[in-house]
Structure formats: structure tokens, C-alpha cells
Amino acid sequence: MIVVLLGPPGAGKGTQCKRIIEKYKLAHLSSGDILRAERTAGSDLGKEAQGYMDAGDLVPDELIIKMMVAAINKADGGCVLDGFPRTVVQGSELDKALTAEKKKIDAIVSLEIADEVIEKRLTGRRSCPVCGAVYHLQSLKPKVEGFCDKCPDQELVQRADDKPEVVKNRLETYHAQTAAVIGYYASTGHEIFTVSADAEINDITADILSQLDKVTA
Ligand code: AP5
Ligand code: MG
């Protein structure tokens with residue numbers, strides 16, 4: 001199964017993907033996480049992406065498409081795409097790449113949430129630099145303040161692009177370039193399942209899984 005999870009920065013894509021992959025045993029392919037791993041590894045791709053990410057701008061389509069198509073082709077057991085596609089060009093190139101491999105998107109879920117809620121979520125987010133677990137200062141606290149539940153003695157960190165001025169640009173970029181992906185899918189006959197992301201984490205998960213269960217039935 002291939003699932004596309006759409007939504008603005010901070011909508012909870014990463015949080016929900018972790019639960020989806022657990023249930024259906026899929027690979028979690030987050031373009032943002034892959035880019036951050038490339039940066040940590042000091043690769044050419046990571047170095048090229050750095051400036052765009054720190055400013056809250058999109059990394060150029062050609063770099064992202066190549067990176068994500070390679071990851072999708074490796075994920076034989078299916079995957080959830082998190083943060084990709086993020087432009088109409090990425091969406092149409094993804095369709096072409098899947099058709100070439102005789103694959104298709106099985107479900108598209110769109111998380112919807114107001115900008116004001118997102119700002120609070122992102123400034124309170126903390127994550128583990130080792131395992132990638134995501135927490136929140138108010139809504140999803142770790143057992144010991146400031147430390148990862150799964151990695152002993154590992155301090156949580158704040159993402160560099162969660163500073164208020166960068167969050168503002170990420171939201172502007174979303175509205176200017178990414179929101180149109182929903183229209184692209186609607187115009188190409190894909191069904192989109194819309195979920196309110198301004199709710200309890202568990203309720204959103206239940207909503208998404210009930211829809212995906214219908215696809216896998
Ligand atoms: P990326 O890493 O994809 O960031 P993003 O889309 O901005 O989304 P986030 O990861 O910030 O949020 P999320 O929706 O995953 O929310 P989360 O679950 O963490 O991309 C980063 C950068 O990489 C981009 O700016 C760009 O430069 C580049 N990039 C990536 N993909 C690209 C592409 N395809 N093309 C071009 N460039 C690309 O939740 C957020 C917080 O809220 C957490 O603290 C969580 O605990 C909390 N939370 C979650 N759900 C709830 C809830 N229901 N109630 C209360 N709190 C909640
Ligand atoms: Mg994320």
C-alpha cells in the first residue's frame with residue numbers, strides 16, 4: 001500500500017505516520033527526515049539543501065524527486081509519504097514514476113488545521129536526534145522532562161526551523177506552493193480523505209486508520 005499524507009508544517013504528519021506504519025508495517029518516507037539525515041551525514045545533497053531548509057523555503061524539485069523516487073522504489077512492502085509531494089511538479093513526477101513501476105497511490109489523507117494552531121505546535125515541539133521520536137512541551141510530554149523515552153540519557157532538541165520567523169515563512173511557502181497539491185490530486189481523479197488535525201492525537205489516528213482499513217479490506 002502507498003499512502004500520501006498531506007498537510008501544512010506542524011499538522012502532525014510525522015506523529016500520525018509513526019502510528020500508520022506500525023499498524024500496516026509500511027516504510028515511513030519523510031522527505032524532511034531524509035534531508036536532515038543527509039545533512040547530518042554531510043552529503044552533497046545535505047549541503048545543498050541546508051540553506052533552503054534553514055530559511056523555511058522548499059528544496060528544488062529535481063533534488064527532491066530523485067531522492068524520494070529512489071526511496072519509494074526501495075520500499076517493497078509499501079510506504080507512507082510524509083511531506084512529499086509538496087509542489088504540483090512533484091505530484092505529477094511521482095505519478096509518472098509510480099506508473100513506470102506499475103504502482104499507484106492507494107490513499108491520500110489531507111490533514112487540515114489553522115495557521116494559529118500550527119505556530120503553537122511548532123514552537124513547543126522537541127525531538128530526539130537519535131531515534132527521531134517527536135514530543136511536545138504541552139501536548140506530548142516525555143516521561144522525564146527534556147529526555148527521550150526510548151533512548152536513555154538522550155537530550156531532546158528543538159529543530160532549527162521551528163524558530164518563529166522561520167515558521168512564518170514555512171507557512172507562507174505552504175500556502176503559496178504546497179496547498180495546490182490538493183487541487184492537483186482532485187483534478188487528476190484521486191480521492192482525498194480530509195481529516196481535521198485540530199483534535200486529540202488518538203482521535204485523529206482513529207479517523208485515519210478507519211479510512212485506511214477500507215482501502216486494505
Ligand atoms: P518537514 O520536515 O517535512 O517539515 P514540515 O512539513 O514543515 O512538517 P513538520 O515536520 O514540521 O510537521 P509535522 O506535520 O510532521 O508535525 P509533527 O507530527 O512533528 O520539512 C522540513 C524542510 O525540508 C522544509 O521546510 C523544506 O525546506 C524541506 N523539504 C521537505 N520536504 C520537501 C519537499 N517535498 N520539497 C521541497 N522541500 C522539502 O507535530 C508537530 C508538533 O505538534 C509535535 O510537537 C507534536 O508532538 C505536536 N502534535 C502533533 N499532533 C498534535 C495534536 N493533534 N495535538 C497537539 N499537538 C500535536
Ligand atoms: Mg514532520
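As a starting point, this report considers the structure included with it. It should be emphasised that the depicted structure is a prediction, and the values quoted were computed from it without experimental measurement.

### Points about the overall build of the protein chain
For the protein chain, the count of helices and strands is nine helices and seven strands. Relative to the globule expectation of 17 Å for 217 residues, the C-alpha radius of gyration of the protein chain, 17 Å, shows essentially globular dimensions. With the principal axes as the frame, the protein chain shows a C-alpha extent of 45 × 40 × 30 Å. Taken across its 217 residues, the protein chain has 43% of its residues classed as buried. Across the protein chain, contacts joining residues at least 24 apart in sequence account for 68% of those joining residues at least 6 apart. Carbon and sulfur atoms make up 52% of the accessible area of the protein chain, which totals about 11300 Å².

### Remarks on the pattern of salt bridges
The full count for this structure, using the stated rule, is 10 salt bridges. Of the charged contacts in the structure, one is a salt bridge between E172 and K168, with a shortest N-O distance of 3.4 Å. With E172 and K168 both in helix α7 (residues 164-178) and four residues apart, the pair spans about one turn of that helix.

### Things to note about the site of ligand 1
Around ligand 1 sit 36 residues, and of these T15, D57, R86, R125 and R170 come closest. In this structure, an oxygen atom belonging to ligand 1 sits 2.9 Å away from a main-chain N or O atom of G14. Between a nitrogen atom of ligand 1 and a main-chain N or O atom of A199, the distance comes to 2.8 Å. Protein chains shield 96% of the accessible area of ligand 1, which is 1000 Å² for the free molecule. Secondary structure elements with two or more residues in the shell around ligand 1: α1 (13-24), α2 (31-41), α6 (115-123), β6 (134-136) and α9 (201-216).

### Let's talk about the sheet that holds strand β7 (residues 192-196)
In spatial order, the strands read β2-β3-β1-β4-β7; together these five strands make up an open sheet with parallel pairing. The two strands at the open ends of the sheet, each matched to only one other strand, are β2 (27-30) and β7. With strand direction ignored, the average angle separating the axes of adjacent strands in the sheet is 20°. Pairing of strand β1 (residues 2-6) with strand β4 (residues 107-112), which is carried by four bridges, proceeds in the parallel orientation. From the neighbouring strand, V4 faces β4, where its bridge partner is I108. Strands in contact with α1 are β1, β2, β3 (79-82) and β4; relative to β3, the strand with the most contacts, it is inclined by about 180°. Sheet strands touched by helix α8 (residues 180-187): β1, β4 and β7. Its angle to β1, the strand with the most contacts, is close to 140°.

Rules of the game
- Residues numbered from 1 in each chain as written.
- Chains lettered and ligands numbered in written order.
- Predicted model: local features only at pLDDT ≥ 70, side-chain atom pairs only at ≥ 80, totals over all residues.
- Heavy atoms only, no water.
- Helix = DSSP H or I, 4+ residues; strand = E, 2+ residues; numbered from the N terminus.
- Rg over C-alpha atoms; globule rule 2.2 N^0.38 Å.
- Buried < 20%, exposed > 50% of the residue type's maximum accessible area, 1.4 Å probe, protein only.
- Contact = heavy atoms within 4.5 Å.
- Areas by Shrake-Rupley, 256 points an atom, 1.4 Å probe, with all protein chains shown as cover.
- Salt bridge = Lys/Arg side-chain N within 4 Å of Asp/Glu carboxyl O.
- Near = heavy atom within 4 Å.
- Polar contact = N/O pair within 3.5 Å; in protein donor to acceptor, adjacent residues only side chain to side chain.
- Pairing = 2+ DSSP bridges.
- Axes fitted to C-alpha atoms, helices over the stretch in contact; angles between N-to-C directions.

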